[in-house]
Each structure stands twice: as C-alpha cells, then as structure tokens.
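# Examination of the molecular architecture
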Amino acid sequence: MAGEKLDENIPCEENGTVESSNGNGNGEAAQQSPTVEKDEDDDKDVSKKKKKKNKSKKKKAQAEHTDPQSLSGQTDPQSTSRQTAPQSTRRQTDPPSIPLIDLFPHGEFPEGEIQQYRDDNLWRTTSEEKRELERLEKPLYNSVRRAAEVHRQVRKYIKGILKPGMLMTDLCETLENTVRKLISENGLEAGIAFPTGCSLNWVAAHWTPNTGDKTVLQYDDVMKLDFGTHVDGHIVDCAFTVAFNPMFDPLLEASREATNTGIKESGIDVRLCDVGAAIQEVMESYEVEINGKVYQVKSIRNLNGHSIGPYQIHAGKSVPIVKGGEQTKWKRVNFLRLKLSHQLGKDMSEKI
C-alpha cells in the first residue's frame, strides 16, 4: 500500500536513537553538527505528520475494505432498504389523527407478519425468477401495507376505548371517522372498504346498526368487530372479537389459535380444503364452560372465508374452516380472508 512505501523513506525511531533510513549507524549520527541535528529534529516532525497521515489513510482503506460499495460509489438497493426500514418520522397522537402519509413521508409502509415458504415451495426463496416476480409486485404490496397499517392503528385505538354501555352507533362512527383521517380518504383511491360489522352474540356476521339504533354493548356480550380499509382498491379485511367477561376467554383463545394455524398452513399451491381441515382440528380441540355447562367449540360449516379482488370484497373463492371443502389451490398473489366462525351448541356463535 502507499502508506507502507512512505514509511520506508522517512526516519524511524528505535530505542530512543534516531536512525537514517539510508543505513548510517549511530556513530555517524553522534558526529553530526548541531545544524544536522536540527535538520534531524525537523525530519522527526515531518515523520510524525506523515505517520498520522498514513494512519488516516489506512483507516480509510480498512473502511472501504469493510464496505465494498464505497469503492465503486454505488449502493445496493436491497441493502439500503434494510438499513432504512420504514419508520415513522413522527409519533401518532392519541386519539389517532395524523394521516399515515404524514407519518411515513418517504412513501414506504411497514411490513406485517411474513410467513416463510415451506416444504415443496422452499425453492421459491432461491429462484431468481420468482424473486424478481416478487419485486415487481412491490407497488401493490406497498398499497396493501398502507391499508394494513391504518387498520392496525385504528384497531389498537378502538380496543383501548371499548367498554360496556357504549352505543353501537357511536362505536361505529368513531371507528369509521378514525379510518377516514388516517387513510386520507379520497373517493375510490383510499377509504373505508365496507360498512363496519359489529355482530353480537348469536349473530355470526355482517350486522351493523342503522341510524337511530339504540343497541348498547353489554358486559356479557360477545362482539365481532369487522371493518375494512383500502388503497387503490386493494382491500384489507380483518376482524377481532371483544368479550369483557373472562368466562369467554377460552372461546377467544380457540379462535386465535385456529386463526394462526390457518395462516401458517396457507401458501401458494396449497389446497383450500387442507387449510380448512387444519383450522377445524385446532378449533374443535377447545371446550368452554358457560354458566356451569361445558360446550365443545364447533366450526360453522356454512360460514366461510373468501377471496378478495380489486374493489371486490367477495371475489368468488370460498375458504372453508372444516375438512372436505373446496379443492381449489391457492395461487400467487391471491388475497384471501380467513373467516373463523364457531358455535357453542345451538345457542351462541362467535367469529374472528
């Protein structure tokens, strides 16, 4: 290296005696005149400066060796995305009021949970063709992630304010107005995907209060709160269950574990009936005791999940939650909503 060559041409200090790099011994150095000694002192100063310069050069060279991108002046786009993972530049207010595009002004939105390919699909992780196809879908994924992040923030806020005694109309209006703010509602470009569902107890799904409805949320109610967001027609459809009475905790746990199982079993080329069979096995392994009577949790056969298309909440395919259902295979870039519904005997049903 250049720094090492410079070291050969400057004086070096060894055991307190100055030696010239031309090979002269200590004797010659002792016989030199004061003028020569002064010159040697000047040489020592120059030597120290050059050594400091060389050290800085070596540090820079080491840094370049550690980061090869700095040698070429180019940056790996994937590396940049990892280093600058989407992070909000501002904090959301409570209650939420800042539009998501202001929280993430760079235009890239947070990733959600990502399931890795498994079994026969492992080759997709190393196939350059498939990886490139995934990269081409980035704009679509980013729109979905924006809608999903709005859904997450609204869901978190609503869970924090829910309590017995709330009017169902007030609940729905608060939720939908918050969605409008965060998603920057703009006609068909972004907004609410469908009316909010807040089905109670034996009502499995798709009930929403009309104007003037006086229904009040009670302590012993089991409510399925179902709402959607969309960006450019890409819909995020998700629901959660609310129960204040701890008596229903096993019921909620059954839905949660069955949902997680359905997500893990899903994937490209997986048959929808196999997903349903896995969900049913987990769901029906639970029992719930209500007012002294034990009920086995049962999947509801005729209330299924569904595929989702652009601006289309039900796009044709059904996702069963029992075995023996549809044989259709899951295709690449299919958006499916897992709808887990189950009942306790004939008296009560609950959906997540």
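In this report, we go over the structure that sits alongside the text.

Reading the values: the criteria
Residues numbered from 1 in each chain as written. Predicted model: local features only at pLDDT ≥ 70, side-chain atom pairs only at ≥ 80, totals over all residues. Heavy atoms only, no water. Helix = DSSP H or I, 4+ residues; strand = E, 2+ residues; numbered from the N terminus. Contact = heavy atoms within 4.5 Å. Areas by Shrake-Rupley, 256 points an atom, 1.4 Å probe, with all protein chains shown as cover. Phe/Tyr/Trp six-rings, centres within 6.5 Å; stacked < 30°, edge-to-face > 60°. Buried < 20%, exposed > 50% of the residue type's maximum accessible area, 1.4 Å probe, protein only. Lys NZ or Arg CZ within 6 Å of the ring centre and 35° of its normal. Polar contact = N/O pair within 3.5 Å; in protein donor to acceptor, adjacent residues only side chain to side chain. Pairing = 2+ DSSP bridges. Salt bridge = Lys/Arg side-chain N within 4 Å of Asp/Glu carboxyl O. Axes fitted to C-alpha atoms, helices over the stretch in contact; angles between N-to-C directions. Left-handed = near helix turned anticlockwise from the far one by under 90°. Nonpolar A, V, L, I, M, F, W, Y, C, P; charged D, E, K, R; others polar. Core = buried A, V, L, I, M, F, W, Y, C linked by side-chain atoms within 4.5 Å. Parallel < 35°, antiparallel > 145°, perpendicular 65-115°, else oblique.

The next point concerns the overall build of the protein chain. Within the protein chain, the regular secondary structure consists of eleven helices and 13 strands. Partitioning the contacts of the protein chain with sequence separation of at least 6, the portion at a separation of at least 24 is 64%. With the model as given, the accessible surface of the protein chain reaches about 20900 Å², and the carbon-plus-sulfur share is 48%.

Considering all chains together, one arrives at one aromatic pair under this definition. With a centroid separation of 5.9 Å and 65° between ring planes, the pair formed by F104 and F109 is classed as edge-to-face. Of the two residues examined, F104 and F109, each falls in the buried class. Just above the ring of F240 sits the side chain of K159; from NZ or CZ to the centre is 5.0 Å.

With respect to the element layout, N121 can be found in the loop between α6 (100-103) and α7 (128-136). A distance of 3.0 Å separates polar atoms of two side chains, one belonging to N121 and the other to R124. Setting aside its immediate chain neighbours within four residues, N121 contacts I268 and D269.

Once that is clear, we can look at the pairing of strand β8 (residues 293-299). Strand direction decides the pairing type here: strand β7 (residues 287-290) and β8, joined by four bridges, are antiparallel. Residue pairing in the sheet places I290 in a bridge with K293 of β8. Linking two consecutive strands that pair antiparallel, namely β7 and β8, is a turn of two residues; a positive phi of about 55° is found at N291 within it.

Attention shifts here to the pattern of salt bridges. Summed over the entire model, instances satisfying the criterion amount to nine salt bridges. Note that E149 and R152 form a salt bridge whose closest N and O atoms lie 3.0 Å from each other. Of the two residues, E149 and R152 both sit in helix α8 (residues 138-161), three residues apart, roughly one turn of that helix. For E149, a relative accessible area of 12% corresponds to the buried category. On the basis of relative accessibility, which here comes to 29%, the residue R152 falls in the partly exposed class. Shared partners join several salt bridges into a network, and the residues in it are E128, R131, E132 and R135.

Further remarks concern the environment of Q218. Secondary-structure assignment places Q218 in the loop between β4 (197-200) and β5 (222-231). Relative accessible area serves as the criterion here: at 44%, Q218 is assigned to the partly exposed category. Considering only alpha carbons, one finds Q218 and G165, 53 residues apart in sequence, at a separation of 6.0 Å. Discounting residues that sit within four places of it in the chain, Q218 has contacts with P164 and F244.

On to the packing of α8 against helix α9 (residues 168-183). For the pair α8 and α9, the least separation of the axes is 10 Å and the interaxial angle reads 145°. The hand of the α8/α9 crossing is right-handed. Between α8, through R146, A147, V150, Q153, V154, Y157, I158 and I161, and α9, the contact on the second element is made entirely by L171, T174, L175, T178, V179, L182 and I183. Of the residues in the contact of α8 with α9, the class split is eleven nonpolar, three polar and one charged.

In this structure, V154, I158, L162, L171, M223 and L225 are the most contacted members of the largest nonpolar core, which totals 33 residues. Listed by contribution, the elements that provide at least two residues to this core are α6, α8, α9, β4, β5 and β6 (234-243). With eight residues, α8 is the largest single contributor of residues to this core. Counting 18 residues, the second-largest nonpolar core is a separate cluster that includes V222, V270, V275 and I279.

Our next topic: the packing of helix α10 (residues 249-265) against helix α11 (residues 272-283). Running from N to C, α10 and α11 cross one another at 155°; their axes reach a closest spacing of 8 Å. It follows that α10 is roughly antiparallel to α11 by the angle criterion. Along this stretch, α10 crosses α11, giving a crossing that reads as right-handed. Across the interface between the two elements, A254, E257, A258, T261, G262 and E265 from α10 touch V275, A278, I279, V282 and M283 from α11.

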